[in-house]
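# Examination of the molecular architecture
Residue-level listing of the chains:
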Amino acid sequence: MKKIMMIAAMMLMSTGAFAQEMFLKPMVGGTLTTFRGDVENNKMKVGLVAGAEFGFMFNENMGVTAGLLYAMQGSGIKHDDDKWNMDYLNIPILFNYYFIPGLAAKAGVQPGILCRAKIGDLDVKDYMEKFDVSIPLGLSYEFSDFVIDARYNLGLLNFLKDSHGTYWSGKAYNSVIQLTVGYKIPF
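Keep in mind the model is a prediction, meaning the values are calculated, not measured.

Glancing now at the overall build of the protein chain. Assigned secondary structure in the protein chain consists of 1 helix and 12 strands. The helix and strand sequence of the protein chain, counted from the amino end, reads α-β-β-β-β-β-β-β-β-β-β-β-β. Within the protein chain, the fraction of its 187 residues that count as buried is 39%. Put simply, 60% of the contacts in the protein chain that link residues at least 6 apart link residues at least 24 apart. Carbon together with sulfur atoms contributes 68% to the accessible area of the protein chain, which is approximately 10600 Å² in total.

What follows is the structure in structure tokens.
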């Protein structure tokens, strides 16, 4: 009897292990970005985002993803033709909850590293903070291993360094809408 119970327990444990799924999801898409804070005359700027996320499903309803995304962010200024172009290497870490098969709500934290910052042709990276943190909130829909993902990334840190009263002074935070298409590769 003990052997039968032991075999049954091992079968149940192995079934639970197979229910867990890991995957890699390359993704590409677009961003609509602007600033919140003391920056006046903001308007949306269109950019690109590309990268990949690694995911792990705990069960049918819950999972986590961690990724590496290169994102074009920034803003256009209404009274000036120059655009603020800021490129970040973002690291989204998200909890995913599936309400129904294929439809997930997601939330987490996203550290970001500033790679490039320009206003028009002027390099302004030295006037910007090198590190950013955002709270990503979103929804995704999966079908046939394709994933459509929509997120809003709410910037938490002021990205303007104090520059002693120049037009850089004040507080500004990233505000990013991101829409991507990805493909889940299970392993």
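Time to look at the side chain of Asp132. In this fold, Asp132 is placed in strand β9 (residues 131-143). Put simply, Asp132 is tucked away with no salt bridge, and the nearest opposite charge, on Arg36, sits 8.0 Å away.

This part covers the pattern of salt bridges. This model, assessed by the stated rule, comprises 6 salt bridges. Across the salt bridge formed by Lys106 and Asp149, the nearest N and O atoms sit 2.9 Å from each other. Within this pair, whereas Lys106 is found in strand β7 (residues 103-119), its partner Asp149 is found in strand β10 (residues 146-155), the two being separated by 43 residues in sequence. Summarising the burial analysis for this pair, Lys106 and Asp149 share the class buried. Beyond isolated ion pairs, a larger network of salt bridges with shared partners links Lys25, Glu53, Lys106, Asp149 and Arg151.

Before going further, it helps to spend a moment on the nonpolar core. Trp84, Met86, Met128, Phe159 and Leu160 are the most contacted members of the largest nonpolar core, which totals 14 residues. Those residues in contact with Met86 that sit more than four places away from it in its chain are Phe35, Ala71, Met72, Gln73, Gly74, Leu114, Arg116, Ala117, Phe159 and Asn174.

By the element assignment, Glu53 lies in strand β3 (residues 45-57). In this structure the side chain of Glu53 is engaged in a polar contact, spanning 2.7 Å, whose partner is the side chain of Arg151. Excluding anything up to four places from it in sequence, Glu53 contacts Phe23, Leu24, Lys25, Met27, Thr65, Ala66, Gly67, Leu69, Pro92, Leu94 and Arg151.

If you trace the backbone, Thr180 turns up in strand β11 (residues 172-183). In this structure, the C-alpha to C-alpha distance between Thr180 and Ile148, residues 32 residues apart in sequence, is 5.9 Å. Excluding anything up to four places from it in sequence, Thr180 contacts Met27, Val28, Gly29, Val49, Val147, Ile148 and Asp149.

This next bit is on the packing of aromatic side chains. For the coordinates displayed, the defined rule picks out 8 aromatic pairs. Measuring from centroid to centroid gives 4.8 Å for Phe35 and Phe159, while their planes differ by 55°, and the two rings are tilted. Of the two residues, Phe35 is situated in strand β1 (residues 21-37) and Phe159 in the loop between β10 and β11; the sequence distance between them amounts to 124 residues. On the accessibility criterion, Phe35 (5% relative accessible area) is buried. Phe159 sits in the buried class, given a relative accessible area of 1%. For the pair Phe56 and Phe58, a centre-to-centre distance of 5.3 Å together with 80° between the ring planes defines the contact as edge-to-face. Using a relative accessible area of 42% as the deciding quantity, one classes Phe58 as partly exposed. Cluster of aromatic residues (ring-pair linked, three or more members): Tyr141, Phe143, Phe146 and Tyr183. The ring centre of Phe23 lies 4.1 Å from the NZ or CZ of Lys184, which sits over that ring.

Scoring rules and cut-offs
- Residues numbered from 1 in each chain as written.
- Predicted model: local features only at pLDDT ≥ 70, side-chain atom pairs only at ≥ 80, totals over all residues.
- Heavy atoms only, no water.
- Helix = DSSP H or I, 4+ residues; strand = E, 2+ residues; numbered from the N terminus.
- Buried < 20%, exposed > 50% of the residue type's maximum accessible area, 1.4 Å probe, protein only.
- Contact = heavy atoms within 4.5 Å.
- Areas by Shrake-Rupley, 256 points an atom, 1.4 Å probe, with all protein chains shown as cover.
- Lys, Arg positive; Asp, Glu negative; His and termini not counted.
- Salt bridge = Lys/Arg side-chain N within 4 Å of Asp/Glu carboxyl O.
- Core = buried A, V, L, I, M, F, W, Y, C linked by side-chain atoms within 4.5 Å.
- Polar contact = N/O pair within 3.5 Å; in protein donor to acceptor, adjacent residues only side chain to side chain.
- Phe/Tyr/Trp six-rings, centres within 6.5 Å; stacked < 30°, edge-to-face > 60°.
- Lys NZ or Arg CZ within 6 Å of the ring centre and 35° of its normal.

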